[in-house]
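Spelled out, the chains give:
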Amino acid sequence: MEEQEKNNRGLYGFLPSDIEGIRTLARLALDLRWSWDHAADDLWRQLDAELWELTQNPWIMLKTVSREHLEQKLRDKAFQTKMDELISQKQLSETTPSWFQNAHPESPLSCIAYFSMEFMLSEALPIYVGGLGNVAGDQLKSASDLGLPVTAVGLLYQQGYFRQQIDENGMQQALFPFNDPGQLPVIPLRLPNGEWLRLEVTLAGFTVWLRTWQVQVGGVKLYLLDTNDMVNLPVHRNITSQVYGGGNELRIQQEIILGIGGWKLLKALNLNPQVCHMNEGHAAFLILQRARDFMKTAEVSFDVALAVTRAGNLFTTHTAVAAGFDHFSPALMERFLGPYASEELQIEFNHLMALGRQDPNNSSESFNMAYLAIHGSGAVNGVSRLHGHVSRNLFQNLFPRWPQHEVPVGHVTNGVHMPTWDSESADRVWTKACGKDRWRGELQEMHDGLDTISDEMLWQMRTTCRTDLVNNTRKRLEKQMSVAGEPAENLAIAKDAFDPETLTLGFARRFVAYKRPNLLLHDEQRFIRILTNPEHPVQLVIAGKAPPYDETGKGLIQQWVQFVSKHKLYKHVVFLSDYDVLLAEQLVQGADVWVNTPRRPWEASGTSGMKVLVNGGLNLSELDGWWDEAYTDEVGWAIGDRAEHGEDAGWDASEANSLYELLENQIVPEFYARNESGLPVRWIERVRKSMSQLTPRFSANRTVREYTEQYYLPAAANFLNRAAENGAAGVRMVTAKEDLERKWQGINAGIVQIQNIANSYQCRVTVQLNGISASEVSIEMYAEESNGLEAEIIKMLPEPNGQENDGTAFAVQFDSTRAKSDYTVRIIPSYENIQVPLEDKLIFWQH
Ligand SMILES: *Cc1c(COP(=O)(O)O)cnc(C)c1O
């Protein structure tokens, strides 16, 4: 460690490295653990209270304060004690076996590489847009808590996503401040000899240098790539300037850097991940580079290498609409990956294109990154139960003639990293109920723990949370108004906004049409009556960015701002600008009710509603995404009828009506119904149920353990199995696959004979396999889902001495309550341990 740090010039480049203790302090400042472990706040406040308040970024602080100040602090006994305490905690948590070591001690899984275009870890590292980055960031933090061997790969953007300002007309202004890498909590990634690791990728004939960076996230590392190197052409230096910036030409280059550059980075560090997890299809080019490496080392063809390596790839899709996938035209692909296909992968360009197409033979079809991800993975999942279903529908076209329920997309419902989102007062309550290490292992005991917490204590927590939000809202509003140029006399409005005793609603998300952020404004007068009821008032805090070129989204923001000023509702409704992690934390900690109004089924999961759970906030949401599986009438409120209604204005109106009715008849009365001690007993009961039932279920701890056990462990085993002996299993699979494809058209089956024997059916069929070995296929009786019965698949077995002139006889006997006519015979591939239909989509139906 010390040796490595000596060479780590980047760490100390701008620090007075000769001061005793500075290295320890730097290690703490560079570990984003401070973004969720509030034990360290005190240390940073001691170092410089004002800078801490302003930046929430210890690394900037270290680089800003004077040498004298540092020396003085590091000599201070109290400061030293705190620092030593934190560093030993850090070391302890990194060396003590965690959940993963305890639950899977013998596992061969030693490295999972997690790829994502964005990571939302802290406002100090603005390389995210929203939900997708949130999922990545929160899962990394939980991986650290659980001791999972994850290494993450992403891009370092010079500007990140835009920052939002609202002008006096309520129009959104987009600002792009520059991220100075020197101020971000990242350091150059140096090799053991001290050299800054740089990689190259080829983009349309040019060599582009990639710089590499390292971020410490508790016990796991996030590596970032950027192109802003002086040696590159200006056009290339700009590739990593903005997250999702520019058009398709920029996007394909970003994705090549993430996927191909990202894999090269892992190899340069001698990491050999068994599992690569793609958070959305943006990183799918890694599939190619991973296969290419295997091809070279094992000296096999690209197809064999892909058959071997794909077993270790997992694709998580986050989109609920087909338009959400990245597509690249054949011409763009040819320009950026044509030579790569022939020189590196040694395949025809059209062979590469087929991996991203629905129809491999359609040479005008564009290249779809989600299709590449599916064709190059051993497993695919959506991000909620409902989204799994939606995705099976979306990807049905890739599996023609397969029943939709067998389209190979499972689901792991998202969760959030609770320690990141809990307030200090919620943390105290949970610590009392379930102990300090509650998010580091299994979660069974949470329910009982919370039962020991009194109503008074829960309500006290809610009051503290809400009061903090009111204070923060006033401060933010005042600042925001003065930035917008409001005259000083108007600033008094900000001081008077909101009330700590008033029922507080929160709404924060991207302002795009499908989220219907103006649904509450459907009947303005009715909503105003709800807000300004003199005995039972309501207040609402709103935040969110509209995509910079989305005029509709910007119009929705303006509508809210104008609603407030037209009706002088300053006391009741506040739009806070520049929604980011810090603002999100304040909102989800303080809101009593979190409102969410997407059009079903467009919200694949949604995560902001999960962030209120740990703080005792309740959800009022459309039955979409995660809420579709979380909702019961004990824990919150729902709108919607679990059906899809498109953009039907009449349906929007009826859902707006449901929102108002729930507020008027249930939510507001329940919040204000107090017992003799002033406690809203029924409300607290609901809070308790929501906290105890939902918080563990929608924590990233549960999500990451599920990924590990359902996907990572089997994927690692499968990959290692196929990779053994230079990919021998892969060779056999490719041979079998080609053989089946050639002979499949010649398959046939005779009439099935079905006989009743008591409550069961005895079935027998003779099939002609056209030279395919019976051991390479599975003959099945199939009944589709109907009248509430689930689909049934019953495997038939070859009859002893079943060779007949016209084929091979197969039979099975099974119990059933269905009609005979429900059943039909089908034949599907079944060789090695191939995943069907993901890896081989052939299917024969007898009709
Ligand atoms: C949680 C979060 C999101 C995602 O919220 P959704 O409910 O999934 O829309 C977006 N942006 C920020 C800043 C967040 O904290």
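Residues numbered from 1 in each chain as written. Predicted model: local features only at pLDDT ≥ 70, side-chain atom pairs only at ≥ 80, totals over all residues. Heavy atoms only, no water.

Glancing now at helix 26 (residues 581–590). The element helix 26 is extensively covered by neighbouring structure, given that 9 of its 10 residues are classed as buried. For helix 26, the set of buried residues is V581, L583, A584, E585, Q586, L587, V588, Q589 and G590. The N-cap of helix 26, judged by a side-chain oxygen 3.2 Å from the amide nitrogen of L582 a few residues on, is D580. (Buried < 20%, exposed > 50% of the residue type's maximum accessible area, 1.4 Å probe, protein only. Helix = DSSP H or I, 4+ residues; strand = E, 2+ residues; numbered from the N terminus. Polar contact = N/O pair within 3.5 Å; in protein donor to acceptor, adjacent residues only side chain to side chain.)

Strands sit in the order 25-24-28-29 across an open sheet of 4 strands; the sheet is antiparallel. Strand pairing shows two members of the sheet lacking a second neighbour, strand 25 (792–795) and strand 29 (844–845), which therefore form its edges. Examined bridge by bridge, strand 24 (residues 777–783) and strand 28 (residues 823–829) share 7 bridges and lie antiparallel to one another. The residue bridging V777 from the neighbouring strand is P829, located in strand 28. (Pairing = 2+ DSSP bridges.)

For helix 7 (residues 67–75), the full list of buried residues reads L70, K73 and L74. Taken around the axis of helix 7, the buried residues stretch over an arc of 95 degrees, which confines them to a single face. Among the exposed residues of helix 7, those pointing more than 90 degrees away from its buried face are E68 and R75. The elements touched by buried residues of helix 7 are helix 3 (22–29), helix 4 (41–47), helix 6 (58–64) and helix 8 (77–95). (Arc of directions from axis to C-beta. Contact = heavy atoms within 4.5 Å.)

Turning our eyes to something else, we now look at the UniProt feature "modified residue: N6-(pyridoxal phosphate)lysine" (unreviewed entry) in the protein. Those places that UniProt annotates as "modified residue: N6-(pyridoxal phosphate)lysine" (unreviewed entry) correspond, in this numbering, to K611. By the secondary structure assignment, K611 is in helix 27 (residues 608–613). Given a relative accessible area of 3%, K611 falls into the buried group. Setting aside chain neighbours within four positions, we find K611 in contact with M120, N134, V416, W421 and V588. (UniProt positions renumbered as here; feature names shortened; annotations may be inferred.)

Let us look at the site of the ligand. Taken together, 15 residues form the shell around the ligand, and within it M120, K515, T607, S608 and K611 come nearest. Protein contact buries 93% of the 390 Å² of open area that the ligand shows by itself. Looking at the shell around the ligand, the elements with two or more residues in it are helix 10 (131–146), helix 26 and helix 27. Among the residues forming the shell around the ligand, the class breakdown is 5 nonpolar, 6 polar and 4 charged. If you count residues domain by domain, the shell around the ligand takes at least three from each of domain 2 (106–327 + 369–397 + 409–414 + 708–724) and domain 3 (418–698). (Near = heavy atom within 4 Å. Areas by Shrake-Rupley, 256 points an atom, 1.4 Å probe, with all protein chains shown as cover. Nonpolar A, V, L, I, M, F, W, Y, C, P; charged D, E, K, R; others polar. Domains from an automatic or database assignment.)

Considering the arrangement of structural elements, one finds T532 in helix 24 (residues 524–532). Not counting residues up to four positions away in its chain, the partners in contact with T532 are L569 and H572. Polar contacts involving the side chain of T532 include one to the main-chain carbonyl oxygen of I528, which spans 2.7 Å.

A word on the packing of helix 3 against helix 8. For the pair helix 3 and helix 8, interaxial distance at closest approach is 10 Å and the crossing angle is 55 degrees. By the angle between their axes, helix 3 is oblique relative to helix 8. Between helix 3 and helix 8 the crossing geometry is left-handed. Contact with helix 3, carried on its side by T24, L25, R27 and L28, involves F79, M83, L86, I87, K90 and Q91 of helix 8 and no other residues of that element. Among the residues forming the contact of helix 3 with helix 8, the class breakdown is 6 nonpolar, 2 polar and 2 charged. (Axes fitted to C-alpha atoms, helices over the stretch in contact; angles between N-to-C directions. Parallel < 35°, antiparallel > 145°, perpendicular 65-115°, else oblique. Left-handed = near helix turned anticlockwise from the far one by under 90°.)

Looking now at the UniProt feature "domain: DUF3417" (unreviewed entry) in the protein. Under the present numbering, the feature "domain: DUF3417" (unreviewed entry) in UniProt falls on residues 21–125. Taken end to end, residues 21–125 comprises 59% helix and 4% strand; its first and last C-alpha atoms sit 25 Å apart.

Position of Q846 relative to the elements: it lies in the segment after strand 29. For Q846, a relative accessible area of 15% translates into the label buried. A distance of 3.1 Å separates the side chain of Q846 from the backbone oxygen of A749, its partner in a polar contact. Of the polar contacts made by the side chain of Q846, one reaches the backbone oxygen of G750; its length is 2.3 Å. The residues touching Q846, leaving out its near neighbours within four places in the chain, are A749, G750, I751, V752, T824 and V825.

Attention now goes to the packing of helix 24 against helix 29 (residues 649–672). Contact pair helix 24 / helix 29: the axes reach a minimum separation of 11 Å and the direction vectors enclose 20 degrees. Classified by the angle between their axes, helix 24 and helix 29 sit roughly parallel to one another. Considering only the axes of helix 24 and helix 29, their crossing is left-handed. Facing helix 24, whose interface residues are R526, F527 and I530, helix 29 presents N657, Y660, E661, L663 and E664.

So, about the nonpolar core. W44, F285 and M333 are the most contacted members of the largest nonpolar core, which has 153 residues in total. When sequence neighbours within four positions are dropped, the list of residues in contact with M333 reads I252, F285, F328, G338, F349, L352, M353 and F367. Membership of the second largest hydrophobic core comes to 94 residues, among which are L520, Y579, W637 and I684. (Core = buried A, V, L, I, M, F, W, Y, C linked by side-chain atoms within 4.5 Å.)

Before going further, it helps to spend a moment on unusual backbone geometry. Here the residue pair R600 and P601 is connected by a cis peptide bond, since its omega of 5 degrees sits within 30 degrees of zero. When you line up the elements, P601 lands in the loop between strand 18 (593–596) and helix 27. Here V836 and P837 are connected by a cis peptide whose omega angle stands at 5 degrees. Its location among the elements puts P837 in the loop between strand 28 and strand 29. Even without glycine at this site, A758 takes up a positive phi of about 50 degrees.

Turning our attention to the side chain of K82. Positionally, K82 belongs in helix 8. A residue is classified by how much of its surface remains accessible, and K82, at 16% relative accessible area, is buried.

We now examine the packing of aromatic side chains. Counting across every chain of the model gives 29 aromatic pairs. Residues F325 and F395 carry aromatic rings whose centres are separated by 5.2 Å and whose planes lie at 25 degrees to one another, so their mutual orientation is stacked. One end of the pair, F325, is in the loop between strand 10 (313–316) and strand 11 (327–328); the other, F395, is in the loop between helix 18 (385–394) and strand 14 (410–411), with 70 residues separating them in the sequence. Grouping residues by exposure puts F325 and F395 together as buried. Relative to F814, the ring of Y761 has its centre 6.1 Å away and its plane inclined at 70 degrees; by these criteria the two rings are edge-to-face. (Phe/Tyr/Trp six-rings, centres within 6.5 Å; stacked < 30°, edge-to-face > 60°.)

Let us now look at the pairing of strand 4 (residues 172–175). Where strand 3 (residues 163–166) and strand 4 come together, 4 bridges link them in antiparallel fashion. Bridging from a neighbouring strand, Q165 pairs with Q173 of strand 4. Connecting the antiparallel pair strand 3 and strand 4 is a turn made up of 5 residues, with G170 showing a positive phi of about 85 degrees.

Attention now moves to the sheet that holds strand 15 (residues 503–508). Strand order in the open sheet made by the 6 strands is 17-16-15-18-19-20, with parallel pairing throughout. Where the open sheet ends on each side, the last strands, each with one partner, are strand 17 (573–576) and strand 20 (636–639). Strand-to-strand twist of the sheet, defined as the mean angle between neighbouring strand axes without regard to direction, takes the value 20 degrees. By the bridge criterion, 4 bridges tie strand 19 (residues 618–622) to strand 20 in an arrangement that is parallel. Directly across from N619, in strand 20, lies its bridge partner G636. Across the face of the sheet, helix 25 (residues 551–566) comes into contact with strand 16 (538–543) and strand 17 while running at roughly 140 degrees to strand 17. Sitting on the sheet, helix 26 touches strand 15, strand 16, strand 17 and strand 18, and the angle it makes with strand 16 is about 160 degrees.

Many structure descriptions define interface size as the accessible area lost when the parts assemble. When the domains of the protein are assigned, the result is domain 1 (2–95), domain 2 (106–327 + 369–397 + 409–414 + 708–724), domain 3 (418–698) and domain 4 (747–845). The straight-line distance from the C-alpha centre of domain 1 to that of domain 4 is 66 Å.

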